[in-house]
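Each chain is listed here by its residues.
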Amino acid sequence: MKNIKNTLFSHKEVEIGPNSGYDNYIMAIESSCDETACAIVKNGREVIANVVASQIKTHEQFGGVIPEIAAREHLESINVVIDEAFRQAKESIGLEPKDITAFAGTVGPGLVGCLLVGLNAAKTLALVYDKPFIGVNHLNAHLCANYIDTDLKPPFMALLVSGGHTQIIDVESYSKQTILGETIDDAVGEAYDKVARLIGLPYPGGPRLDKLAQEGNPKAFQLPEGKVDGYNFSFSGLKTAVLRLVKSFDGQEMPVNDVCASFQERVSRTLAKKLKNAVEEKGYSQVVIAGGVAANSEIRKKIFDFQNDGYSVFAPPMKYCTDNAAMVASCAYFNTNTFDDVDTEVFSRVK
Ligand code: KG4
Ligand code: ZN
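Quick notes on the rules
- Residues numbered from 1 in each chain as written.
- Chains lettered and ligands numbered in written order.
- Predicted model: local features only at pLDDT ≥ 70, side-chain atom pairs only at ≥ 80, totals over all residues.
- Heavy atoms only, no water.
- Domains from an automatic or database assignment.
- Contact = heavy atoms within 4.5 Å.
- Buried area = accessible area lost by both parts, 1.4 Å probe.
- Salt bridge = Lys/Arg side-chain N within 4 Å of Asp/Glu carboxyl O.
- Helix = DSSP H or I, 4+ residues; strand = E, 2+ residues; numbered from the N terminus.
- Axes fitted to C-alpha atoms, helices over the stretch in contact; angles between N-to-C directions.
- Parallel < 35°, antiparallel > 145°, perpendicular 65-115°, else oblique.
- Nonpolar A, V, L, I, M, F, W, Y, C, P; charged D, E, K, R; others polar.
- Pairing = 2+ DSSP bridges.
- Buried < 20%, exposed > 50% of the residue type's maximum accessible area, 1.4 Å probe, protein only.
- Near = heavy atom within 4 Å.
- Polar contact = N/O pair within 3.5 Å; in protein donor to acceptor, adjacent residues only side chain to side chain.
- Right-handed = clockwise from strand over helix to strand, strands pointing away.
- Donors = N, O, S within 2.8 Å, 3.2 Å for Na, K, Ca; no water.
- Disulfide = S-S within 2.5 Å.

Undergrad: Help me out: how do you make sense of the domain arrangement of the protein in this one?
TA: It is common to give the size of an interface as the accessible area lost on bringing the parts into contact. Per the domain assignment, the segments making up the protein are domain 1 (25-149 + 322-335) and domain 2 (156-316). Computed from C-alpha coordinates alone, the two centres of domain 1 and domain 2 are separated by 27 Å. Taken together, the 19 residues of domain 1 in the interface contact 22 residues of domain 2. It is Leu-139, Leu-143 and Asn-146 that lose the most area in domain 1 upon contact with domain 2, and together they represent 37% of the buried surface on that side. Our enumeration of links across domain 1 and domain 2 arrives at zero salt bridges. Elements with a minimum of two residues in the side of domain 1 that touches domain 2: α1 (56-60), α4 (138-144) and α11 (326-335).

Right, here's the structure in full:
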């Protein structure tokens, strides 16, 4: 039974999660960065409705996400994505708002002004429909994207790679996770976006760099590996090395595809090596990748190659790699030990 802290959202003795004994329909809202999203997921794995309003077009002209503009766009889109999720659920299985078991919202990490929009919408829905409310950590949610449409169960070793984080996480059970290592400077997605900008690619740089890299020679340039102990990572030296390489062309035409491929090779090798060490050390048979950068073609390829050594490899389909609300609903179902209160606050960084 969940620990019900307060009566405001939790008038009834509702139980959520795999042991609840009945079907759970969780509606979740995600608004931590530049995607306004709403989804309804049955029992943590089956997506009933999934709506994402992306702001990429808006931020493209500025070369990155402008927090104040992002928050305003969330305000404009939030009711639209909620209405559309309810509509999809009604159309697909006849689900009404009153049939939702609980409402969930991302609490952080993310942009505070953006998070506030989604979280307040989720709390309001919980109040209006008299259901429990669950606050969800965005990073845990990225991992839970791997539960959608699969039968994955812990334990497994996870690599979480996003715009803000790079972590190796030991997932012992649905609720027990230990961070074994993380970046000491730039996150992988951040490194991708910065290097893309150095090369002159428009925002969002990561996926564009990935595309060009697939046309290039990964052995064209030897780039340095960030030397850090254990399962930690460092990508700022690599970024500086690319800057030096770019400058070395000094007016001559730069083989852009080869630069991209060499950078991508270095990053994906380092990530795969450390993930392999971690899973070997723990003796698990399953590995998982998650986060926006898990959409990267070469990182996926190198980690799926673990299958040749007998590992089961999980990676969400592209639409659940980048920010979405289905992963938040799944996380509320699998990861949550408590319902949350009306005064639950957003946070920008991992505490
Ligand atoms: O997880 P996410 O959607 O947002 C955060 O929570 O950070 O990740 C966004 C990051 C951006 O840095 C974006 O450039 C990167 O994921 N990304 C990629 C690819 N697709 C998205 N990086 C490399 N290759 C890709 N294919
Ligand atoms: Zn994310």
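Undergrad: Any chance you could explain the packing of helix α5 (residues 188-199) against helix α6 (residues 205-213) here in plain terms?
TA: Two numbers describe how α5 lies on α6: the axes approach to 8 Å, and their chain directions differ by 70°. It follows that α5 is roughly perpendicular to α6 by the angle criterion. Counting all contacts with α5, which are made through Tyr-192, Asp-193, Val-195 and Ala-196, the residues of α6 involved are Gly-205, Gly-206 and Leu-209. Grouping the amino acids of the contact of α5 with α6 by side-chain chemistry returns four nonpolar, two polar and one charged.

Undergrad: I'm lost on the pairing of strand β3 (residues 46-54) in this one. Help?
TA: Examined bridge by bridge, strand β2 (residues 35-42) and β3 share eight bridges and lie antiparallel to one another. Within β3, the residue paired with Ala-39 across the bridge is Asn-50.

Undergrad: Would you mind going over the pattern of salt bridges with me for this structure?
TA: Side-chain pairs of opposite charge can arise where the charged atoms are in close proximity. Following the criterion strictly, the structure yields 19 salt bridges and no others. Here Glu-91 makes a salt bridge to Arg-87, at a shortest N to O gap of 2.9 Å. Placement of both Glu-91 and Arg-87 in helix α2 (residues 67-93) is noted, with a separation of four residues, approximately one turn of the helix. Residue Arg-87 is classed as partly exposed on the basis of its relative accessible area of 41%. Two residues, Glu-225 and Arg-266, come together in a salt bridge whose shortest N-O distance is 3.5 Å. Of the two residues, Glu-225 is situated in the loop between α6 and α7 (236-248) and Arg-266 in helix α8 (residues 256-282); the sequence distance between them amounts to 41 residues. When its relative accessible area of 18% is taken as the criterion, Arg-266 is described as buried. It is possible to trace a salt-bridge network through shared partners that takes in Asp-186, Glu-190, Lys-194 and Lys-239.

Undergrad: For this particular structure, what's the right way to read the site of ligand 1?
TA: In the neighbourhood of ligand 1, 18 residues make up the surrounding shell, with Gly-163, Asp-193, Asp-210, Gly-292 and Asn-296 lying closest. Within the backbone of Gly-163, a nitrogen or oxygen atom sits 2.7 Å from an oxygen atom of ligand 1. Gly-206 has a polar backbone atom sitting 3.3 Å from an oxygen atom of ligand 1. If you list the elements that add at least two residues to the shell around ligand 1, you get α4, α5 and α6.

Undergrad: I tried to follow the pairing of strand β4 (residues 102-108) on my own but got confused; where do I start?
TA: Side-chain positions along a regular strand alternate between the two faces of the sheet. Across the seven residues of β4, seven count as buried, placing the element largely inside the fold. Inspection of the sheet shows strand β1 (residues 25-30) paired to β4 by four bridges, in the parallel sense. In the sheet register, Ile-29 faces β4, and the bridge partner there is Gly-105. Where β4 and strand β5 (residues 133-137) come together, five bridges link them in parallel fashion. Across the sheet, Thr-106 pairs through a bridge with Val-136, a residue of β5. For the segment spanning β4, helix α3 (residues 112-129) and β5, crossover handedness is right-handed.

Undergrad: Where do I start with the coordination of the zinc ion (ligand 2) in this structure?
TA: For a metal with four donors in a tetrahedral arrangement, the ideal angle between donors is 109.5 degrees, while six donors in an octahedron ideally sit at 90 or 180 degrees. Only His-138 (NE2), His-142 (NE2) and Asp-323 (OD) from the protein reach the zinc ion (ligand 2) as donors, at distances of 2.0 to 2.1 Å. Taken in chain order, the donor set of the zinc ion (ligand 2) reads H-x3-H-x180-D. A residue pair is termed long-range when its members are at least 10 positions apart, and His-138 in helix α4 and Asp-323 in the loop between α10 (318-321) and α11 qualify at 185 residues. Look at His-138 and you get buried, because its relative accessible area is 7%.

Undergrad: Is there a simple way to think about helix α9 (residues 297-304) in this case?
TA: Owing to its 3.6 residues per turn, the α-helix brings residues three or four apart onto one side. Buried within α9 we find Glu-298, Ile-299, Arg-300, Lys-302 and Ile-303. Buried positions along α9 lie against β6 (156-161), α6, α8, β9 (286-290), β10 (312-314) and α10. For α9, the N-terminal capping position is held by Asn-296, with its side-chain oxygen 3.1 Å away from the main-chain nitrogen of Glu-298.

Undergrad: Please explain the state of the cysteines as it appears in this structure.
TA: Cysteine pairs can be covalently joined through their sulfur atoms, and such a bond is termed a disulfide. Counted according to the given criterion, the structure contains zero disulfides. Between Cys-321, a cysteine without a disulfide, and Cys-144, which holds the nearest cysteine sulfur, the sulfur-to-sulfur distance is 14 Å. A relative accessible area of 0% means that Cys-321 is categorised as buried.

Undergrad: Explanation requested: the sheet that holds β10 in the structure shown.
TA: Across a sheet, strands are paired by hydrogen bonds formed along the backbone, either parallel or antiparallel in direction. Within the open sheet, the five strands sit side by side as β8-β7-β6-β9-β10. Their pairing is mixed. The strands lining the two open edges of the sheet, one partner per strand, are β8 (177-182) and β10. Looking at each pair of strands side by side, their axes are set apart by 20° on average, direction ignored. Pairing geometry for β9 and β10, over three bridges, is parallel. Within β10, the residue paired with Gln-286 across the bridge is Ser-312. Here α8 sits on the sheet and contacts β6, β7 (166-171), β8 and β9; the angle it forms with β6, its principal contact strand, is near 155°.

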